[in-house]
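Observations on the model geometry
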Amino acid sequence: MGKRLSGLRQRWSSVYRRTSIQMILSASFTAVAVLGMLFMGLTLFLRFSSSTNAQQSAASQRVLSQVNVSLDGYLRSMMRISDAAYYQLIKDTDLAEDDLSGALDFLYESSRDSLVSIAVFSAEGDLIAASPMAPLKNSVSPEREEWFCSAMDRIENLHFSTPHVQNLFEDPDYRYRWVVSLSRFVELTRGGAIEGGVLLVDMSFSGIEQICKDVELSDSGGYLYLIDDSGEIIYHPRQQLIYAGLLEENNLDAASYADGVHSETFQGQRRQVAVKTVGYTGWKLVGVVPAENLWSNYGQLVLFFLFIVLFSVFLLVFVNLRLSEWITAPVKKLDRAVKELEAGKEQVDFDVGGPYEVEHLSHSVRSMVSTLRHLMDDVVRQEEEKRRSELDVLQSQINPHFLYNTLDSVVWMTENGRTDEATVMLTALARFFRISLSRGSNIIPIADELEHARHYLTIQKMRYKNKFSATIEARDGVEKLYTIKLIVQPILENAIYHGMAYADGDGEITIVARRDGDDVIIDVTDNGPGMPEEVVERLLDPREQKAAPSKGGSGIGFRNVHQRIRLTFGEPYGLTIRSEPDAGTTVRIRLPALTEPPGEKKEGTPWDAK
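Bear in mind that the values here come from a model prediction, so they are computed numbers and not experimental data.

Moving on, we get to the overall build of the protein chain. Along the protein chain, the regular secondary structure elements total 16 helices and 18 strands. Buried positions account for 41% of the 610 residues belonging to the protein chain. Considering only contacts in the protein chain between residues 6 or more positions apart, those separated by 24 or more positions represent 63%. Of the roughly 35,100 Å² of accessible surface on the protein chain, 54% is carried by carbon and sulfur atoms.

This is the structure:
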């Protein structure tokens, strides 16, 4: 038996290797098409019921969502009227001096199509103002009404009532108007003192009725009704029959349903129930579709499905040869394109078309080739930027102009017999360059960096004849941490040349180094003339790197420090500048808190700080 199976596998492998991909696809498509269509025909019937239910559920939820949007607009209009009355009228009115009636009349006239009445009551239930003006009924005690108690008990909320007949005011026309009331607690001002009260807005119930009454959930038998959070019916298309006891509704159970679609059996009838909560009120929209409506077109749909299955089997068997040819042709074209690429051809057409997988494969190959070429270009560009950055570093380490001016000052001091000052300046200059070189190391302690800044300030203060003062402060033990060198001196150079050059002995420069969590912050602050916002934005803009220097400086020192920090430690670190004209400038340097001197790394290779 084993030998027979092994022989069959070998014969099958031999046939498979000799058969073209087009023939394999043709045979596979034919077999899969017939089996697949037969299987699909059996499963379609099983899935029909769930598909029908799902479609009806989606349709019901869409209808409920549309009705919810309309109700939301209706409720928002009530809220807008209430907000306008409270924040624009009541808040600005002292009842001891002014009367609210005129303002409420104006607000009522602007919304009279949907507004029945608007009134303000004191905390004791006394009517303060109302529009349209009408006296309260003698038998009415507003302080005992549910809307009044709700507003006084929960003063932070808006309270919507269920529909009811407006029974507060005398109606000269003896009409019974159904309304929905919105009440809220308000603060009233009387003689400068604040007291509580209630604002009542009555909107016509006909607005809700118009929104709900024409809604259809199915071709026949489906309907929608509205309940509050306790299950009390607010609107029902057969509301009169329910009130008369001739019809029942499952509204109390529906109040406990979560939003979504549910199945229930009520009075022996299975039906589908969709529920949607209306915002702000806790009201619920309930859509009901009887189960027999879901199967009304069952016979026609079954015949349609059978026809689709048979036609699909015939069509797939007929077109399989053409389809297999259509699939294999782009594969062959893609194979030729790859061979041309291997041969070193620069322009290769990978647009082979065909099925999704083949077309996606061609796009992937084209994208890979493009990515490789871009990576090669990026490597070349990065090497150029690295060399440029190294040149900038050397230029920032030894500034010939600074060195020349310092030596010239030393010569002048020596010739004038001020040898002590010349000695101090030469000593500071020597220590300045010793730290600048740092034995070739790029990583130095923050203490050395601050010492380097101190020597630089010593030299510049003597050159500028003490036009400014400077203080350096290190907090939280930051002097023991490590940083890349020569990041403070270029900032100081800018502060002195552009902030202190015209100072008259009142210039101040402050350097403060401190910990900020896992980072180190070094702030360099001066009280110079500051810079406008557009200059600050341009200082760190990499597009300004190659800009020609201007009289005010090109900002290459700022960008040099910023780019060196970013290349060394990564994106979160670098410089930020805060400056305003006539308000001084603060340059903040953010670095990772390095507790140990890491192995020397080249700039452009970030490491993780601990």
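The residue Leu539 is located in helix α15 (residues 533–539) in this model. Along the primary structure Leu539 and Ile556 are separated by 17 residues, whereas in three dimensions their C-alpha atoms are 7.8 Å apart.

A word on the layout of surface pockets. Any space left empty among the atoms is revealed by the rolling of a water-sized probe across them. What the second largest pocket holds in volume is close to 580 Å³. Forming the boundary of the second largest pocket are 28 residues, of which Glu146, Ser150, Phe160, Ser161 and Thr162 lie nearest the centre. Listed by contribution, the elements that provide at least two residues to the lining of the second largest pocket are α4 (146–153), β3 (158–160), β4 (164–165), β5 (178–190) and β6 (193–204).

For helix α3 (residues 101–110), the full list of buried residues reads Ser101, Leu104, Leu107 and Tyr108. Along the axis of α3, the buried residues cluster in a sector spanning 125 degrees; they form a single face. Along α3, exposed side chains directed more than 90 degrees from the buried face belong to Phe106 and Ser110.

Counting 49 residues, the largest nonpolar core has Val488, Leu492, Ile511, Ile565 and Ile589 as its most contacted members. Ignoring any residue separated from it by four or fewer positions in sequence, one finds Ile565 in contact with Ile484, Ile487, Gly570, Tyr573, Gly574, Leu575, Ile589, Arg590 and Leu591.

For the rest of this paragraph, the subject is the sheet that holds strand β8 (residues 233–235). With respect to topology, 5 strands assemble into an open sheet ordered β8-β7-β11-β10-β9, the strand pairing being antiparallel. Taken across any chain shown, the strands that pair with only one partner, and hence form the sheet edges, are β8 and β9 (260–266). The mean angle between the axes of side-by-side strands here comes to 35 degrees, regardless of whether they run parallel or antiparallel. One ladder, built from 5 bridges, connects strand β7 (residues 223–227) with strand β11 (residues 284–290); its direction is antiparallel. Its bridge partner lying in β11, Leu224 is registered against Gly287.

Turning next to empty space enclosed by the protein. Evaluation of the coordinates by the stated rule reveals 1 cavity of 30 Å³ or more. Considered as a void within the structure, the largest cavity measures approximately 40 Å³ in volume. Every residue along the wall of the largest cavity is listed here: Ile491, Asn494, Ala495, Val524, Thr525, Asp526, Phe558, Thr585 and Val587. Only α14 (489–500), β16 (519–526) and β18 (585–592) provide two or more residues apiece to the lining of the largest cavity. Looking at the lining of the largest cavity residue by residue, the classes come out as 5 nonpolar, 3 polar and 1 charged.

With that settled, the discussion passes to the confidence of the model for the protein chain. Low-pLDDT stretches of the model should not have their predicted coordinates read in fine detail. Taken residue by residue, the protein chain gives an average pLDDT of 79. The fraction at 70 or more is 84%. Within the protein chain, helix α8 (residues 291–294) has the poorest average pLDDT of any element, 64, and β16 the best, 94. Contacts for the low-pLDDT stretch residues 547–553, under 50 throughout, to residues beyond four places or in other chains number 4 contacts. Contacts for the low-pLDDT stretch residues 600–605, under 50 throughout, to residues beyond four places or in other chains number 17 contacts.

Take a nonpolar patch on the surface next. Together, Phe304, Phe307, Ile308, Phe311, Phe314, Leu315 and Phe318 make up a nonpolar patch on the protein surface, roughly 760 Å² of accessible area in all. With respect to the helices and strands, Ile308 occurs in helix α9 (residues 298–342). The exposure class of Ile308 is partly exposed, given its relative accessible area of 30%.

Before going further, it helps to examine the pairing of β5. Burial of β5 is extensive: 10 of the 13 residues sit out of reach of the surface. As paired strands, β3 and β5 are joined by 3 bridges and run antiparallel to one another. Note on β5: the bridge partner recorded for Phe160 is Leu182. Note that β4 and β5 share 2 bridges and pair antiparallel. In the sheet register, Val165 faces β5, and the bridge partner there is Trp178. Across 12 bridges, β5 lies against β6 in antiparallel orientation. Directly across from Ser183, in β6, lies its bridge partner Leu200. As consecutive antiparallel partners, β5 and β6 are separated by 2 residues, and within that stretch Gly191 has a phi angle of approximately 60 degrees, a positive value.

On to the sheet that holds strand β13 (residues 468–474). Read across the sheet, 5 strands follow the order β13-β15-β16-β18-β17 without closing on themselves; strand pairing throughout is mixed. Every interior strand has two partners, whereas the edge strands, β13 and β17 (574–579), have only one. Averaged over all neighbouring strand pairs, the angle between strand axes comes to 15 degrees, with direction disregarded. Taken together, the 8 bridges between strand β15 (residues 507–516) and β16 define a ladder with antiparallel strand orientation.

On to the packing of aromatic side chains, then. One pass over the structure, following the stated rule, counts 6 aromatic pairs. Their ring planes at 40 degrees and their centres at 4.8 Å tell us that Tyr86 and Tyr87 sit as a pair that is tilted. Linked through ring pairs, Phe121, Trp147 and Phe148 together constitute an aromatic cluster. Here the basic side chain of Arg238 rests over the ring of Tyr223, its NZ or CZ set 5.7 Å away from the ring centre.

So, on to a negative patch on the surface. Residues Glu533, Glu534, Glu537 and Glu580 make up a contiguous surface patch of negative charge. As for its position among the elements, Glu580 is in the loop between β17 and β18.

Let us now look at the pattern of salt bridges. Applying the stated criterion to the full structure yields 13 salt bridges. Across the pair Arg184 and Asp83 runs a salt bridge whose closest N-O atoms are separated by 2.7 Å. Residue Arg184 is located in strand β5, and its partner Asp83 is located in helix α2 (residues 21–90); the two are separated by 101 residues in the primary sequence. Ionic pairing is found between Glu249 and Arg271, a salt bridge with its closest N-O pair at 2.8 Å. Of the two residues, Glu249 is situated in the loop between α6 (239–243) and α7 (251–254) and Arg271 in strand β10 (residues 269–277); the sequence distance between them amounts to 22 residues. The buried category is assigned to Arg271, whose relative accessible area is 6%. Each of the salt bridges in this network shares a partner with another, and the network as a whole consists of Glu249, Glu264 and Arg271.

Conventions used here
- Residues numbered from 1 in each chain as written.
- Predicted model: local features only at pLDDT ≥ 70, side-chain atom pairs only at ≥ 80, totals over all residues.
- Heavy atoms only, no water.
- Helix = DSSP H or I, 4+ residues; strand = E, 2+ residues; numbered from the N terminus.
- Buried < 20%, exposed > 50% of the residue type's maximum accessible area, 1.4 Å probe, protein only.
- Contact = heavy atoms within 4.5 Å.
- Areas by Shrake-Rupley, 256 points an atom, 1.4 Å probe, with all protein chains shown as cover.
- 1 Å grid on protein atoms, 1.4 Å probe; cavity = no way out; pocket = protein on both sides within 12 Å on 5 of 7 lines; lining within 4 Å.
- Points joined across faces, edges and corners; volume = space filled by probe spheres on them.
- Arc of directions from axis to C-beta.
- Core = buried A, V, L, I, M, F, W, Y, C linked by side-chain atoms within 4.5 Å.
- Pairing = 2+ DSSP bridges.
- Axes fitted to C-alpha atoms, helices over the stretch in contact; angles between N-to-C directions.
- Nonpolar A, V, L, I, M, F, W, Y, C, P; charged D, E, K, R; others polar.
- pLDDT = per-residue confidence, 0-100.
- Patch = residues over 30% accessible without salt bridge, like charges linked within 9 Å, V, L, I, M, F, W, Y side chains within 5 Å.
- Salt bridge = Lys/Arg side-chain N within 4 Å of Asp/Glu carboxyl O.
- Phe/Tyr/Trp six-rings, centres within 6.5 Å; stacked < 30°, edge-to-face > 60°.
- Lys NZ or Arg CZ within 6 Å of the ring centre and 35° of its normal.
- Lys, Arg positive; Asp, Glu negative; His and termini not counted.
- Charge placed at Lys NZ, Arg CZ, Asp CG, Glu CD.

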